[in-house]
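# Fold and contact review
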Amino acid sequence: LADKNVHKEMEGMKFANVVKKISDSIDKVCLAIIVAILGTMVVVTMAQIISRLAGDAFLWTEELNRYLLIWGTLIGAGCAYKEGSHISITFVQGMCSAKTERMLRMLVHTVCLIAFVAMAYFSLEYAMKQAQLAPVLRIPMKYMYLSIPIGFSLMAIHALDALLQVVHEKGGRL
């Protein structure tokens with residue numbers, strides 16, 4: 001029985017390590033994408049300013065920057081979750097024992113994971129139903145709406161990683 005429990009624990013740790021590697025890799029790629037998005041936004045904004053000064057403003061720059069901002073925000077939300085940068089209320093955790101604090105962290109990551117998966121699922125359904133085109137750029141709006149399920153999927157992966165890390169903390173059987 002003890003061997004069986006040890007084997008189960010080792011399998012769980014292997015899975016947690018795989019999820020952590022995936023989460024870390026996704027985070028690095030997302031950070032690079034965010035840098036590229038911000039750089040593109042700067043160039044597009046400069047083009048807008050120059051075109052206005054030249055007397056003939058580009059129509060597409062405002063729309064492109066809006067969509068880049070949306071994509072950057074939703075990808076960045078995943079990175080923020082990974083780093084624990086979202087707003088949180090920690091004073092309750094500080095008043096709890098280590099075991100209770102750990103259980104609270106597990107509960108929070110579990111609730112977040114469930115919410116992120118649900119939002120990813122339902123927003124994907126919604127995005128795929130979009131048939132209109134962007135007014136100026138004339139690209140299908142479903143590509144803009146796909147930022148929502150992708151952003152929530154990224155947060156779900158990071159929430160799963162965070163949950164598994166809490167579960168497999170050193171000295172941390174419940």
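The subject of this paragraph is a nonpolar patch on the surface. Nonpolar side chains collect at one region of the surface, where F58, L59, W60 and V136 lie side by side and expose about 390 Å² of accessible area between them. Judged by its relative accessible area of 38%, V136 falls in the partly exposed class.

A few words now on the packing of aromatic side chains. What characterises a pair of aromatic rings is the spacing of the ring centres plus the angle enclosed by the ring planes. By the definition in use, this model includes five aromatic pairs. Relative to F152, the ring of F116 lies with its centre 6.1 Å away and its plane at 40°, an arrangement referred to as tilted. Taken as a pair, F116 in helix α4 (residues 98-128) and F152 in helix α6 (residues 147-167) lie far apart in primary sequence, 36 residues in all. Of the two residues, F116 and F152, neither departs from the other in class, the shared state being buried. Where Y126 meets Y145, the ring centres are 5.4 Å apart and the plane angle is 75°; that geometry is what we call edge-to-face.

Here the focus is the nonpolar core. One finds C30, I37, W71 and I75 to be the most contacted residues of the largest nonpolar core, which totals 16 residues. Counting only elements with at least two residues in this core, the list comes to α1 (2-53) and α2 (60-83). Residues within four places of W71 in sequence aside, it is in contact with I37, Y143, M144, L146, S147 and I150. Of all hydrophobic cores here, the second largest spans 14 residues; its members include M106, C112, F152 and A162.

This part takes up the packing of α4 against α6. Relative to each other, α4 and α6 sit at 160°, their axes nearing to 8 Å. By the angle between their directions, the pair α4 and α6 is classed as roughly antiparallel. Remark: the crossing between α4 and α6 carries left-handed chirality. The residues of α6 that touch α4, namely those facing R102, R105, M106, H109, T110, L113, F116, V117, M119, A120, S123 and L124, are I148, P149, F152, S153, M155, A156, A159, L160, A162, L163, V166 and V167. Split by residue class, the contact of α4 with α6 holds 18 nonpolar, four polar and two charged.

Our next topic: the side chain of D27. Its place among the elements puts D27 in helix α1. Of the side chains with opposite charge, K82 comes closest to the buried, unpaired D27, at an N-O distance of 6.0 Å. Setting aside anything within four residues of it in sequence, one finds D27 in contact with C79, K82, E83 and H158.

Another point: the pattern of salt bridges. Per the stated rule, a full pass over the model turns up eight salt bridges. Here R105 ties to E101 by a salt bridge, and the two come within 2.8 Å at their closest N and O atoms. Here E101 and R105 lie together in helix α4, a separation of four residues that amounts to about one turn. Note that E169 and R105 form a salt bridge whose closest N and O atoms lie 2.6 Å from each other. With E169 in the segment after α6 and R105 in helix α4, this residue pair connects regions lying 64 residues apart in the sequence. For E169, a relative accessible area of 27% translates into the label partly exposed. Through salt bridges that share partners, K20, D24, K82 and D161 make up one connected network.

Inspection of the secondary structure assignment puts T90 in the loop between α2 and α3 (91-94). On the accessibility criterion, T90 (47% relative accessible area) is partly exposed. Separated by eleven residues in sequence, T90 and E101 have C-alpha atoms that sit 9.7 Å apart.

What counts and what doesn't
Residues numbered from 1 in each chain as written. Predicted model: local features only at pLDDT ≥ 70, side-chain atom pairs only at ≥ 80, totals over all residues. Heavy atoms only, no water. Patch = residues over 30% accessible without salt bridge, like charges linked within 9 Å, V, L, I, M, F, W, Y side chains within 5 Å. Areas by Shrake-Rupley, 256 points an atom, 1.4 Å probe, with all protein chains shown as cover. Salt bridge = Lys/Arg side-chain N within 4 Å of Asp/Glu carboxyl O. Buried < 20%, exposed > 50% of the residue type's maximum accessible area, 1.4 Å probe, protein only. Phe/Tyr/Trp six-rings, centres within 6.5 Å; stacked < 30°, edge-to-face > 60°. Helix = DSSP H or I, 4+ residues; strand = E, 2+ residues; numbered from the N terminus. Core = buried A, V, L, I, M, F, W, Y, C linked by side-chain atoms within 4.5 Å. Contact = heavy atoms within 4.5 Å. Axes fitted to C-alpha atoms, helices over the stretch in contact; angles between N-to-C directions. Parallel < 35°, antiparallel > 145°, perpendicular 65-115°, else oblique. Left-handed = near helix turned anticlockwise from the far one by under 90°. Nonpolar A, V, L, I, M, F, W, Y, C, P; charged D, E, K, R; others polar. Lys, Arg positive; Asp, Glu negative; His and termini not counted.

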